[in-house]
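If you want the building blocks of each chain, they are given just below.
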Amino acid sequence: MTINLKKGQKIVLDKSEYDLSRLTMGLGWDVAKSASGLAGLFGNRSDFDLDGYAILLGENDKLKNYKEDVIYYGHLESKDKTVI
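Residues numbered from 1 in each chain as written. Predicted model: local features only at pLDDT ≥ 70, side-chain atom pairs only at ≥ 80, totals over all residues. Heavy atoms only, no water.

**Q** Could you give an account of the layout of surface pockets, with specific residues and numbers?
**A** Taken as a whole, the largest pocket encloses approximately 2400 Å³ of empty space. For the largest pocket, the lining is made up of 49 residues, of which Leu13, Leu23, Met25, Tyr53 and Ala54 are closest to its centre. (1 Å grid on protein atoms, 1.4 Å probe; cavity = no way out; pocket = protein on both sides within 12 Å on 5 of 7 lines; lining within 4 Å. Points joined across faces, edges and corners; volume = space filled by probe spheres on them.)

**Q** Any chance you could break down the side chain of Asp69 for me, citing the residues and the numbers?
**A** Take Asp69: it is sitting in the loop between strand S1 (54-55) and strand S2 (70-71). This buried residue, Asp69, is left without a salt bridge; Lys64 holds the nearest opposite charge, at 5.4 Å. (Helix = DSSP H or I, 4+ residues; strand = E, 2+ residues; numbered from the N terminus. Buried < 20%, exposed > 50% of the residue type's maximum accessible area, 1.4 Å probe, protein only. Lys, Arg positive; Asp, Glu negative; His and termini not counted. Salt bridge = Lys/Arg side-chain N within 4 Å of Asp/Glu carboxyl O.)

**Q** Let's hear about the pattern of salt bridges: which residues, and what values?
**A** When their charged atoms lie close together, side chains carrying opposite charge are able to pair. Tallying each qualifying case throughout the model produces two salt bridges. Note that Lys79 and Glu68 form a salt bridge whose closest N and O atoms lie 3.9 Å from each other. Taken together, the positions of Lys79 in the segment after S2 and Glu68 in the loop between S1 and S2 put the pair eleven residues apart, joining distant regions of the chain. Across the pair Lys81 and Glu77 runs a salt bridge whose closest N-O atoms are separated by 2.5 Å.

**Q** So what's going on with the packing of aromatic side chains? Which residues, and what values?
**A** Counting across every chain of the model gives one aromatic pair. Relative to Tyr73, the ring of Tyr72 has its centre 5.3 Å away and its plane inclined at 90 degrees; by these criteria the two rings are edge-to-face. When its relative accessible area of 36% is taken as the criterion, Tyr72 is described as partly exposed. (Phe/Tyr/Trp six-rings, centres within 6.5 Å; stacked < 30°, edge-to-face > 60°.)

**Q** Report on unusual backbone geometry, specifying residues and quantitative values.
**A** Where the residue is not glycine, phi is negative for most of them; where a peptide bond is considered, it is trans in most cases. In this structure, Asp61 is a non-glycine residue whose phi angle is positive, near 60 degrees. Mapped onto the elements, Asp61 comes out in the loop between S1 and S2. One non-glycine residue, Lys81, adopts positive backbone phi at about 65 degrees. Structurally, Lys81 is set in the segment after S2.

**Q** Lay out the environment of Glu77 in plain terms, naming residues and giving numbers.
**A** By the secondary structure assignment, Glu77 is in the segment after S2. Spatially, the C-alpha atoms of Glu77 and Ala54 are 9.7 Å apart, while their sequence positions differ by 23 residues. Sequence-distant contacts of Glu77, that is, excluding residues within four places in its chain, are made with Ile71, Val83 and Ile84. (Contact = heavy atoms within 4.5 Å.)

Quick look at the structure:
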């Protein structure tokens, strides 16, 4: 199943509603459409950056260890390799 979100939209992935055994997240951004107004006047439009991250919560819906359980460009996988 594919879910496409637009700016401001969100979704709660609940294992009772979805098969969460394997997820793939893809991010995309059309910079040409995003750079408008004054943003297009300064510098190269390709100077934009898009980052994705995952926050792994414990059974109590709280972050256990912020150094291990936040996955981002500086920390690319979880300790147990369930998120890469």
